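The chain contents come next:
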Amino acid sequence: MFKSYESTRNSNLKTTASKAVLKGIAEDGGLFVLRDIDKCVDIESLTGKNYIEIAEIIIGFMLDDIPASKIKECVKTAYTEKFSKDEITPVVKVGDSFITELFHGPTSAFKDVALSILPHLMTTSYEMNDVDGEIIILTATSGDTGKAALEGFKNVKGTQIAVFYPEFGVSEVQKAQMITQEGKNTHVCAIKGNFDDAQTGVKRIFTDEKLIKESEESNKIFSSANSINIGRLVPQIAYYFYTYVQLIEKKEISMGDAVNFSVPTGNFGNILAGYYAKMLGLPINKLLCGSNENNVLYDFIKTGVYDRNREFHKTISPSMDILISSNLERLLYYMSNKDNEAVKAMMEQLNSQGKYEVSDEMKEKINQEFYAGCVFKEDTEKTIKEVYDNYDYLLDTHTAVAYKTLADYKRETGDESVSIVLSTASPYKFSKSVYESLFGSNDKNEFEIMEELSEKTGVPIPENLKGLNNKKVIHTKVCEINEMEEFVRRIVKR
Ligand SMILES: *Cc1c(COP(=O)(O)O)cnc(C)c1O
């Protein structure tokens with residue numbers, strides 16, 4: 001008997017792991033979750049294993065109807081020679097804490113870890129559940145996800161990938177990364193609108209009956225690489241275990257010691273993978289959730305009220321600029337003792353009023369597992385400077401939020417357990433903000449600042465970001481919001 005995933009909003013909507021990967025989201029708009037998770041991972045048996053071996057075990061356990069030999073293939077293809085470090089996610093010591101670097105993948109952001117393997121999990125699931133055809137991935141992006149998805153799906157047999165980004169809504173580096181994208185199945189289009197327009201346009205295409213019919217006739221289906229797909233969540237559990245194993249091997253902790261993880265949080269995917277690791281048996285004391293000025297999660301954890309009715313801030317950690325954290329729905333499911341009706345009611349309230357409140361019991365439970373930190377621009381910049389001055393280590397703006405959250409937590413609680421900060425981006429992805437935190441304002445373009453930052457700090461620029469401004473531009477298409485369907489239709493008709 002294979003495990004069955006169910007919708008967070010209805011326990012009767014059940015499916016297998018491979019089908020959940022293909023569907024992405026349940027028919028009722030809920031997210032797929034596993035009802036019963038045992039503390040089944042024997043951590044002692046993981047010591048001595050490398051990232052790929054650990055990922056195979058964890059992913060194989062969670063996506064159990066995909067044959068082990070297939071999982072092995074997916075993991076191997078995803079992580080062999082795509083990351084610039086043999087460890088994939090190395091742990092480094094900075095001061096009296098540790099940092100797990102998740103940014104050594106092809107686009108220098110942590111989304112690479114999941115998006116390198118998702119395409120292979122998807123094509124495998126497709127083969128298992130259907131005849132051969134093609135999957136067309138549609139993605140709207142505010143920067144990081146689009147590029148990581150393009151790199152992940154690039155030249156993967158049986159897939160096409162289309163990315164829409166707001167013409168003036170991404171950084172120079174992010175734009176250069178996308179318009180120079182290689183691969184014969186990649187499609188990139190700037191749209192005359194903002195991120196919300198792009199996102200709404202993609203949602204419209206997913207429900208465009210005419211277009212869906214046309215794609216079915218050419219044996220193609222639409223799917224999404226969004227972070228609510230369990231195929232993105234599950235691979236992220238692996239680096240929590242691998243971090244622990246590395247710390248054991250470095251003799252920094254002993255088997256069974258409880259540790260804390262501090263995570264810069266946006267859509268709640270990364271930190272939720274940590275909670276899954278804990279459910280699977282990893283000794284985690286607290287998960288620390290770091291927010292920037294868009295501190296809707298901070299307020300939620302502190303007060304039990306989730307309220308998206310507030311001003312949206314553009315910050316120096318833009319990948320965390322989110323007011324609706326989609327993956328939080330999965331946490332609500334577990335914290336309510338898997339009460340699908342209660343989750344459904346809260347999500348309906350969020351939809352209609354932009355707001356909901358959890359019971360006191362749930363709030364208490366959440367606070368047993370999580371700590372919330374909130375770090376604004378000034379403190380983020382100060383943290384980057386302090387860590388560089390004291391330890392010669394360059395934090396990016398997102399990681400700095402988590403670093404400071406950990407410092408606040410330690411001061412408030414006196415907890416001396418070994419703690420790990422998850423680093424989600426190379427400092428060079430956000431060169432201007434990092435540079436200005438250290439050396440004051442600089443009005444040159446992002447590429448020049450990148451060079452200067454490297455000259456002054458001696459920290460090398462990742463290969464994939466180097467010389468990006470001189471690479472050949474391949475994707476020049478700009479379209480109106482109402483031309484997105486046509487752009488996709490051309491891919492369908494290919
Ligand atoms: C996406 C992203 C985050 C937020 O991760 P979630 O899983 O959405 O919480 C943090 N930092 C960086 C650099 C990111 O790209």
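Criteria and thresholds
Residues numbered from 1 in each chain as written. Predicted model: local features only at pLDDT ≥ 70, side-chain atom pairs only at ≥ 80, totals over all residues. Heavy atoms only, no water. Near = heavy atom within 4 Å. Polar contact = N/O pair within 3.5 Å; in protein donor to acceptor, adjacent residues only side chain to side chain. Areas by Shrake-Rupley, 256 points an atom, 1.4 Å probe, with all protein chains shown as cover. Salt bridge = Lys/Arg side-chain N within 4 Å of Asp/Glu carboxyl O. Buried < 20%, exposed > 50% of the residue type's maximum accessible area, 1.4 Å probe, protein only. Core = buried A, V, L, I, M, F, W, Y, C linked by side-chain atoms within 4.5 Å. Helix = DSSP H or I, 4+ residues; strand = E, 2+ residues; numbered from the N terminus. Contact = heavy atoms within 4.5 Å. Expected span 1.5 Å × (residues − 1). Arc of directions from axis to C-beta.

Draft legend 1. Spatial organisation of the site of the ligand. Neighbouring the ligand are 15 residues; Lys-111, Gly-266, Asn-267, Asn-270 and Thr-424 lie closest to it. In this structure, Asp-144 approaches the ligand through a side-chain N or O atom, which is 2.9 Å from an oxygen atom. In the model, an oxygen atom of the ligand is placed 2.9 Å from a nitrogen or oxygen of the Asn-270 main chain. Taken by itself the ligand offers 390 Å² of open surface, and the protein chains cover 96% of this.

Draft legend 2. Region of the structure containing the pattern of salt bridges. Counted according to the given criterion, the structure contains 29 salt bridges. The shortest N-O distance in the salt bridge between Lys-23 and Glu-27 comes to 3.5 Å. Using a relative accessible area of 38% as the deciding quantity, one classes Lys-23 as partly exposed. Counted as one network, the salt bridges with shared partners bring together Lys-210, Glu-214, Glu-486, Arg-489 and Lys-493.

Draft legend 3. The nonpolar core, seen in detail. Membership of the largest hydrophobic core comes to 107 residues, with the highest contact counts inside it found for Tyr-5, Leu-63, Tyr-240, Phe-241, Tyr-276 and Tyr-356. The leading source of residues in this core is helix 10 (residues 230-249), at 13 residues. Apart from residues lying up to four places away in sequence, Tyr-240 is in contact with Phe-261, Val-263, Asn-270, Ile-271, Ala-273, Gly-274, Ala-277, Leu-282, Ile-284, Leu-287 and Leu-422. Grouped together as the second largest cluster of nonpolar side chains are 30 residues, Phe-103, Leu-395, Tyr-409 and Leu-438 included.

Draft legend 4. Expanded view of the environment of Leu-465. As for its placement among the helices and strands, Leu-465 is situated in the loop between helix 19 (446-457) and strand 16 (478-479). Considering only alpha carbons, one finds Leu-465 and Ala-176, 289 residues apart in sequence, at a separation of 9.3 Å. Sequence-distant contacts of Leu-465, defined by excluding residues within four places in its chain, comprise Ser-108, Val-173, Gln-177, Tyr-428, Lys-429 and Met-450.

Draft legend 5. Spotlight on helix 3 (residues 68-79). Over its 12 residues, helix 3 runs 17 Å from end to end, which matches the ideal 16 Å to within 8%, given 1.5 Å per residue. All of the buried residues along helix 3 are Ile-71, Cys-74, Val-75, Ala-78 and Tyr-79. The arc that holds every buried residue of helix 3, seen down its axis, measures 100 degrees, which confines them to one face. Relative to its buried face, helix 3 has exposed residues pointing more than 90 degrees away, namely Ser-69, Glu-73 and Lys-76. Along its buried surface, helix 3 packs onto helix 2 (51-62), helix 4 (111-115), helix 5 (118-129) and helix 10. Among the residues trailing helix 3, Glu-81 stands out with phi positive, at a value near 65 degrees.

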